[in-house]
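Observations on chain architecture
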Amino acid sequence: MSKKQEYLFYAIILGLLTMTGTVAVDLFVPTIPSISSDFNIGIGSIELSLAALFIGNGIGQIIYGSISDRFGRKPVILVSLLIYFISTVGAGLSTNIEILIIWRFFQGLLMASGRILANAVARDLFERDKLARFITLIMGVGILSSLFSAPLGGFLSENFRWPTVFWCMSIYSAVTFSIFFLFYKETNNNKDYLALNISNLYQNFKIIISNKRFILNVICGGFVLGGVVSFLNSSSGILLQYYGVKPTTFGLMYSLVMLGYGVSALINQKLLDLAGSKRVMLIGSILVAFSGILMLSMNLIQFDHPLAIILPMFIYMIGFAFVWPITVSACLQPFPEKAGAASSLQGFIQNTMSAVFSGLLALTFNGTPMPLCIALLIAGILTVITCLLSNTIKQT
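Residues numbered from 1 in each chain as written. Predicted model: local features only at pLDDT ≥ 70, side-chain atom pairs only at ≥ 80, totals over all residues. Heavy atoms only, no water.

What follows is about the packing of aromatic side chains. Inspection of every chain in the model, using the stated rule, returns 15 aromatic pairs. Aromatic side chains Tyr 10 and Tyr 184 sit 6.5 Å apart centroid to centroid with 85° between the ring planes, which places their arrangement in the edge-to-face category. Of this pair, Tyr 10 sits in helix H1 (residues 3-26) while Tyr 184 sits in the loop between helix H8 (163-183) and helix H9 (198-209); the two residues are 174 residues apart in sequence, bridging distant segments of the chain. Each member of the pair Tyr 10 and Tyr 184 is classed as buried. An angle of 85° between the planes, with centres 6.1 Å apart, marks the rings of Trp 162 and Phe 166 as edge-to-face. Summarising the burial analysis for this pair, Trp 162 and Phe 166 share the class buried. Taken together, the ring pairs in this structure connect Phe 9, Tyr 10, Phe 180 and Tyr 184 into an aromatic cluster. Directly above the aromatic system of Phe 71 lies the positively charged group of Arg 70, at a separation of 4.6 Å from the ring centroid. (Phe/Tyr/Trp six-rings, centres within 6.5 Å; stacked < 30°, edge-to-face > 60°. Helix = DSSP H or I, 4+ residues; strand = E, 2+ residues; numbered from the N terminus. Buried < 20%, exposed > 50% of the residue type's maximum accessible area, 1.4 Å probe, protein only. Lys NZ or Arg CZ within 6 Å of the ring centre and 35° of its normal.)

Structural data, given as structure tokens:
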């Protein structure tokens, strides 16, 4: 296998791994109204199951990196995919919201492994701007799956009962498990046999979190991710109920938003070479702040059309593609011997921030776009501020 073929191979399979999170959200979101009707409860309660997913995801982030530093990436990937499969089956068999929330929490706990382990494998293979470009690519593969998974979720919601989406998630996890079992070769060739020692783990986390570059980038990434999660959490209630679009149409609109990331991920590959990571990250942060201002303005002037949500979010995802991969790379770069632990701590902090965004939106959901507008504006402004601060830190 040539270096180019190997590069594409890892990009594709790691993209598939990150998609465990994408399909867990994208297939589910269009079904929220039908689950609400089936369980005879409000949409806000169903959205709490998304918050549970992100809480589980946040907690799960702290687990997998250090375990994979100790035992290797492959066994941890395989075990997590197997248990993820079990949790999707349990969610599909849920008979009330409480059981669904519990299974979604466990699903989030397991889906956390996808991005954490993909990032750790990427750090095994690359560093600096090469790492940022590769992470952008594998995330592009994962997010571009939304072009198919969201419309599929809408189609299934419109034509079948909601558990069908969980059967699709189960099939996906089984296929991904098979691919990694058969074709992936271990990339962690320097296992840390003290990685799970409590005192050593504490020292590793202490060293990582005391690094100014790490903490500023992890917070910046948490804010920009919070805007995306805000959209994921409230998009179905706004577009399906407030604007009255059909589930299949919702899936297509959702895909259009995610296309913003896919297109800019390709542009980002060239921009990093031309402008460098700091300038690209600043451009992205300005775009996400602008999108928050645009969405709020369009709704204040009562532009009563789904475009008032879709257009600003499309722009937001372009900015997100510029900011997010660079923050991930910047968090991992100082810790080549602790890539798993750094990836875990980064994921835990950022997903906890996202869970807060998600929970607050679920609690404040009033059937209008305004809570999302405010959340997006706050996320954008805080992204710019932390981006400016992080760009003052010298790269190491």
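Here we take up the packing of helix H4 (residues 73-92) against H8. Two numbers describe how H4 lies on H8: the axes approach to 8 Å, and their chain directions differ by 165°. Comparing the axis directions of H4 and H8 gives the class roughly antiparallel. Note that H4 runs across H8; the crossing there is left-handed. In this structure, H4 contributes Lys 74, Ile 77, Leu 78, Leu 81, Leu 82, Tyr 84, Phe 85, Thr 88, Val 89, Ala 91 and Gly 92 to the contact, and H8 contributes Pro 163, Phe 166, Trp 167, Met 169, Ser 170, Ser 173, Ala 174, Thr 176, Phe 177, Phe 180 and Phe 181. Looking at the contact of H4 with H8 residue by residue, the class counts come to 16 nonpolar, 5 polar and 1 charged. (Axes fitted to C-alpha atoms, helices over the stretch in contact; angles between N-to-C directions. Parallel < 35°, antiparallel > 145°, perpendicular 65-115°, else oblique. Left-handed = near helix turned anticlockwise from the far one by under 90°. Contact = heavy atoms within 4.5 Å. Nonpolar A, V, L, I, M, F, W, Y, C, P; charged D, E, K, R; others polar.)

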